[in-house]
Number of protein chains: 2
Amino acid sequence: MFKALIFVTLRESVLDPQGVAVKNSLHSLGYQEVQEVRIGKQLEVLISCENRSEAEQRVREICEKILSNPVMEDYTFKLEEVA
Amino acid sequence: MFKALIFVTLRESVLDPQGVAVKNSLHSLGYQEVQEVRIGKQLEVLISCENRSEAEQRVREICEKILSNPVMEDYTFKLEEVA
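As the structure is a prediction and not an experimental result, all values here were calculated from the model.

Draft legend 1. Seen up close, the relation of the copies chain A and chain B. Overlaying chain A on chain B yields an RMSD of 0.0 Å, the required transformation being a rotation through 180° with an accompanying axial translation of 0.0 Å. Both copies of the chain, as the preceding transformation shows, are related through a two-fold rotation axis. The position closest to the rotation axis in chain A is occupied by the C-alpha of A:Lys41, lying 2.3 Å away. Of the interface residues in chain A, 100% have counterparts in chain B that sit at the interface too, so the contact is made through matching surfaces.

Take a look at the structure:
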């Protein structure tokens, strides 16, 4: 069994209106020192695979096909074996 | 200037309906080996502070007051000095 910690973030060149909204809220609440906010997703996926390379391949496939939008988003992940 | 990478996740004991929905979609798309999915937020916050301890304090305050809901969520963050 493997645990994949997946991070899906907007590409640098893509505007992040949700991040801008949070930044503006922080400013209006007195946190003027905040310069930029960008928001992404973190997914924790438990996957039962025989070995690490199989798990890696499955997680990559899931990320590319389903969990991220490759036009606008990048993903990275870490795999960890769990009992 | 510091960059804070903040992770906000649902507490273990809190149900994650969004994660369950993603898991069910993955199953119906043929990824039966996925056992569990939990979804959180990742925030990248640029903050201009004099020193690390001030930045740490401000980020902690922002996390507790605004970015997370302490009843249902936990947060962790990493601070990194940037140019």
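That shown, we press on.
Draft legend 2. Examining the nonpolar core more closely. With 22 residues, the main nonpolar core has A:Ile6, A:Leu43, A:Val59, B:Val34 and B:Val37 as its most contacted residues. Looking at this core, the elements that each hand over two or more residues are β1 (2-10), β2 (34-47), α2 (52-67) and β3 (73-81) of chain A together with α1 (17-28) and β2 (34-47) of chain B. Ranked by the residues each element gives to this core, the list is headed by α2(A), at five residues. Dropping the residues within four chain positions of it, A:Leu43 is found in contact with A:Ala4, A:Leu5, A:Ile6, A:Val8, A:Leu67, B:Val37, B:Arg38 and B:Ile39. Judged by nonpolar contacts, the second largest core, of 21 residues, contains A:Leu26, B:Leu43, B:Val59 and B:Leu67.

Draft legend 3. Quick look at the environment of B:Ile39. With respect to the helices and strands, B:Ile39 occurs in strand β2. Those residues in contact with B:Ile39 that lie beyond four places of it in its chain are A:Gln42, A:Leu43, B:Asp16, B:Gln18, B:Gly19 and B:Val22.

Draft legend 4. Here's a closer look at the pattern of salt bridges. Under the definition given, this model contains 13 salt bridges over all chains. With a closest N to O distance of 3.9 Å, B:Glu44 and B:Lys3 form a salt bridge. With a gap of 41 residues between them, B:Glu44 in strand β2 and B:Lys3 in strand β1 (residues 2-10) connect regions that are remote in the sequence. On the accessibility criterion, B:Glu44 (27% relative accessible area) is partly exposed. Looking at B:Lys3, the relative accessible area reads 25%, which means it is partly exposed. Residue B:Lys65 is joined to B:Glu61 by a salt bridge in which the shortest nitrogen-to-oxygen separation is 3.7 Å. Taken together, the positions of B:Lys65 and B:Glu61, both in helix α2 (residues 52-67) and four residues apart, correspond to about one turn of that helix. With relative accessibility at 60%, the residue B:Lys65 sits in the exposed group. Beyond isolated ion pairs, a larger network of salt bridges with shared partners links A:Glu33, B:Arg58, B:Glu61 and B:Lys65.

What counts, and at which threshold
Residues numbered from 1 in each chain as written. Chains lettered and ligands numbered in written order. Predicted model: local features only at pLDDT ≥ 70, side-chain atom pairs only at ≥ 80, totals over all residues. Heavy atoms only, no water. Least-squares fit on C-alpha atoms with pLDDT ≥ 70 in both. Contact = heavy atoms within 4.5 Å. Core = buried A, V, L, I, M, F, W, Y, C linked by side-chain atoms within 4.5 Å. Buried < 20%, exposed > 50% of the residue type's maximum accessible area, 1.4 Å probe, protein only. Helix = DSSP H or I, 4+ residues; strand = E, 2+ residues; numbered from the N terminus. Salt bridge = Lys/Arg side-chain N within 4 Å of Asp/Glu carboxyl O.

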